[in-house]
Each structure stands twice: as structure tokens, then as C-alpha cells.
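Remarks on the overall topology
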Amino acid sequence: MGAARATDAERVTSMPAPEVVTLGECLVSLIARDRGPLAESETFVRTVAGAEANVAVGLARLGHGVAYVGRVGADALGTVIRRRLRGEGVDIDHLVVDESGPTGLMIRELRDLGPMEVIYHRAGSAGSRLGPADIEAARGTIERARWLHLTGITPALSPGAAAALVRAKELARDAGVTLSLDLNIRRRLWSEADAARALRGLVDGMDLVMGGLDEVALVGGLASTLEHAGRCDPVEAAEALLAAGARQVVVKLGAQGALLRDAHGATTSSPALGVARVVDPVGAGDAFTAGYLALTLEGAPPDRALRAANVCGALAVSTVGDLTGLPDRATLDSLLAGPGGPDTIR
Ligand code: KDG
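All of these numbers come straight from a predicted model, not from anything done at the bench.

**Description of the pattern of salt bridges**
Summed over the entire model, instances satisfying the criterion amount to 25 salt bridges. Arg146 is paired through a salt bridge with Glu19; the nearest N and O atoms lie 3.1 Å apart. You can see Arg146 sitting in the loop between α4 (139–144) and β9 (147–151) and its partner Glu19 sitting in the loop between β1 (3–4) and β2 (20–23), a full 127 residues away along the chain. Note on Arg146: relative accessible area 42%, which makes it partly exposed. Counted as one network, the salt bridges with shared partners bring together Glu136, Arg139, Glu143, Arg167 and Glu170.

Structure follows, in C-alpha cells:
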């Protein structure tokens, strides 16, 4: 079955050369328009999602060149994704159109209390068919970049996608490209035990590993379930991943902000911004990651990068949809410029 790469006519020539490369599965996400249980939701808003695509768009809005490697189906949803990413200024030369599977879809509710119900239609999707050949095709782009960002979602998609991630990591490491991994454990895709085992194997050699406290502690082996891991000490959890071979670990602590621990034993923490109302938490972690990567690429010290990350996370939770709240440069700079930064976004 055929798979097509971008034609020259589709390339946006004014895009900056990719400093950052990311890869994974981009999805169309149908979000219930009204709050309440999914079974009662009748009207949905069509949005674009996927953790790595969210990071890519976040970086592009902040002025960084970013390339996205992946596959979408040869269908209307694939077109939605390609148009959206291209329109945001993301380089999609290596976003392949694959005729042998549909574009992945997720459907989710909005709810104020309790766990959010999410339905995935992504088994056998084009995105899950990402493989090492796609990484070889993007090899030059990866090797010329400054940073490769990966997530723990990709290895859960399929054996081929897991192999693609490993190959990308090898290429980047050999070319001296900075490597980051956001653990992003998705229990709908694999068991906690499988996730912990596979992700622990990926930590070694990472310049930066990020994750929620529960994810960092689970992968660090401090607890056997995400629920128990969420009660661990963040510095101890970060230390476990440093011992597993990461050079820096960022623990995202939600309303408590974030903490960075490095291999020299230094800790930097940054408080969260008070947000008047969390409208939609999905994508906040990716917004945080985009802010952190952007400022770090610009040479900012860790406390400022964490501050920017927290601002981006706060903006993301204040709007519905993964991409909606991602700030442009002027918005981020103005929020960072206040004395000590903003404490409340209303
Ligand atoms: O981080 C947000 C993502 O979880 C969402 O956009 C969908 O990538 C996604 C996934 O696989 O859950």
C-alpha cells in the first residue's frame, strides 16, 4: 500500500530550519462542546491533538523551527492535521500520507469532577504504522537539528513505532543532538508495568526526562502503580531517573509547579501560576514542555525556563483544546515581563 511524502509544492519555504524534531501520532480530537458525561454529549468540536504535535505547535508559536515526523491516513482527518500543522509553521516534510490505515481519532468529554472519559479509535491507524524507515527518511533533518523530543506514547503504539523511536534516539545521540523524553504514560494504550519497563530502558542517555510525579516515580521503580507513585517525594523520584542515566529530570507537579533536578544534585523549583479556573487540563503538560524547551534553546537558566513552562501550562488549562491556549511569543514575553512574573491569570 502506498505512502506519500510531501511534494515540493507543499513545502513552506519561509519556515526556519528545524532546530527541534519530534515524532509520534497526531490525532483528530473531537471534544464535547458542553460539560458533562460523554454518553450525554451530542455536539463536538473538531480539534487537532497528540502530545508531540502539541509540543511542535507550541514551539512554532514561540518562534522555533520544528519538524514533525509521523504518518496520517489518506483521508479527510489526515488533511485536517496536515493543514493545521503546516498553517502553524511546523515542517511536515516527513509527515507521510499512508493509504493503509485511517487517521487516528479520539473523542473526549469535558468534565469538572472525576476522571475524564476518552475514547480512542487508533488501533491500526496510519500513525501507529510509523517505523524505522520513516526515521531513515528523516535522518538528515534529525542529524541537523539541535534537539530531538520524544514521548512515552510512541512506543505504546506498535512494535514498529517503538523501533522508530529507538532508531531516532540512536541517530540523535550519535549526531550530538540534545534528547528529551516526556514519559506521558497512557494507560489506555498499555499496562503500567509494561510502560514502566519500556520507558526505564529509554531513560539512559536522555539529556532531559520530564513527567508528572506519578510517572517519574513509577518509571524510577519507587512504586508499582501510578496511584501509589503519585505520593512519592519528587526529589527522590527524580534521583531514581538520574540513577537510570538521565542527565536532568523535570517533575511536573501541577498546581504545585515544577522541579528540576540535575545529575550534580542541584534542584531548581518554580511555583505554578494561580489559574482562576481549569477549563480543560488536556495538553497542559505539552504546553509546559514547549515553553521549557523554547527557553532552554534560547540559553535561559533553568528557573526562567521553568517559569515560562508554568506560564504556558497555565495558559493551556485556561482554554478548551490541546492547541488553543498555546501562547505566541508576544503573549509569553509579556506574561514573563511583569515583576516576578504573573501570579494569577484571570
Ligand atoms: O498530552 C495530550 C495528549 O494526551 C492528547 O493530545 C492525545 O497524544 C494523545 C494521546 O495519545 O493520548
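There's plenty left to go through after this.
**Here's the deal with the nonpolar core**
Residues Leu59, Ile81, Leu85, Val90, Val250, Tyr292 and Leu332 are the most contacted members of the largest nonpolar core, which totals 55 residues. The biggest single contributor to this core is helix α12 (residues 302–317), with 10 residues. The residues contacting Ile81, other than those within four sequence positions of it, are Cys26, Leu27, Val28, Val48, Val72, Leu95 and Thr103.

**Remarks on the site of the ligand**
The full set close to the ligand counts 14 residues, and Tyr120, Arg122, Arg186, Asp286 and Asp322 are the nearest of them. Ala51 is positioned with one of its backbone polar atoms (N or O) 2.9 Å from an oxygen atom of the ligand. In this structure, Tyr120 approaches the ligand through a side-chain N or O atom, which is 2.4 Å from an oxygen atom. Each residue belonging to the shell around the ligand can be placed in one class, and the counts come to seven nonpolar, three polar and four charged.

**Remarks on helix α7 (residues 192–203)**
An ideal rise of 1.5 Å per residue puts 16 Å on 12 residues; α7 measures up with 16 Å between its terminal C-alpha atoms. Residues of α7 that are buried: Glu192, Ala195, Ala196, Leu199, Leu202 and Val203. Looking down the long axis of α7, one finds its buried residues gathered within 130 degrees of arc, a one-sided arrangement. Seen from the open side of α7, the exposed residues pointing more than 90 degrees away from its buried face are Arg197 and Gly201. Trailing α7 by a residue or two, Gly205 shows a phi angle of about 90 degrees, which is positive.

Rules and cut-offs
- Once a new chain begins, its residue numbering starts again from 1 and follows that chain's sequence as written.
- It should be noted that, the model being predicted, local features are given only for residues of pLDDT at least 70 and side-chain atom pairs only at 80 or more, the latter also being counted only at that level, while totals for whole chains, interfaces and linings use all residues.
- To get the side-chain values, take all heavy atoms of the structure and skip hydrogens and water.
- Salt bridges are defined as contacts in which a side-chain nitrogen from Lys or Arg sits within 4 Å of a carboxyl oxygen from Asp or Glu.
- A run of DSSP states H or I qualifies as a helix once it reaches four residues; a run of E qualifies as a strand once it reaches two. Both are numbered from the N-terminal end.
- Each residue's exposure class comes from its accessible area (1.4 Å probe, protein chains only) as a fraction of the maximum for that residue type: buried when under 20%, exposed when over 50%, partly exposed otherwise.
- Nonpolar cores were defined as sets of buried Ala, Val, Leu, Ile, Met, Phe, Trp, Tyr and Cys residues, with membership established by side-chain atoms within 4.5 Å.
- Contacts are assigned to residue pairs with any non-hydrogen atoms lying within 4.5 Å of each other.
- Note on definitions. A residue lies near a molecule or strand when any single heavy atom of the residue is within 4 Å of it.
- Throughout this description, a polar contact denotes any pair of N or O atoms lying within 3.5 Å of each other; where both atoms belong to protein, one of them has to be capable of donating a hydrogen while the other can accept it, and for residues adjacent in sequence the pair is counted only when both atoms sit in side chains.
- Just so you know the grouping, Ala, Val, Leu, Ile, Met, Phe, Trp, Tyr, Cys and Pro go in nonpolar, Asp, Glu, Lys and Arg go in charged, and all remaining residues, Gly too, go in polar.
- The span you would expect from a helix comes to 1.5 Å times its residue count less one.
- By construction, the arc corresponds to the directions joining the helix axis to the C-beta atoms.

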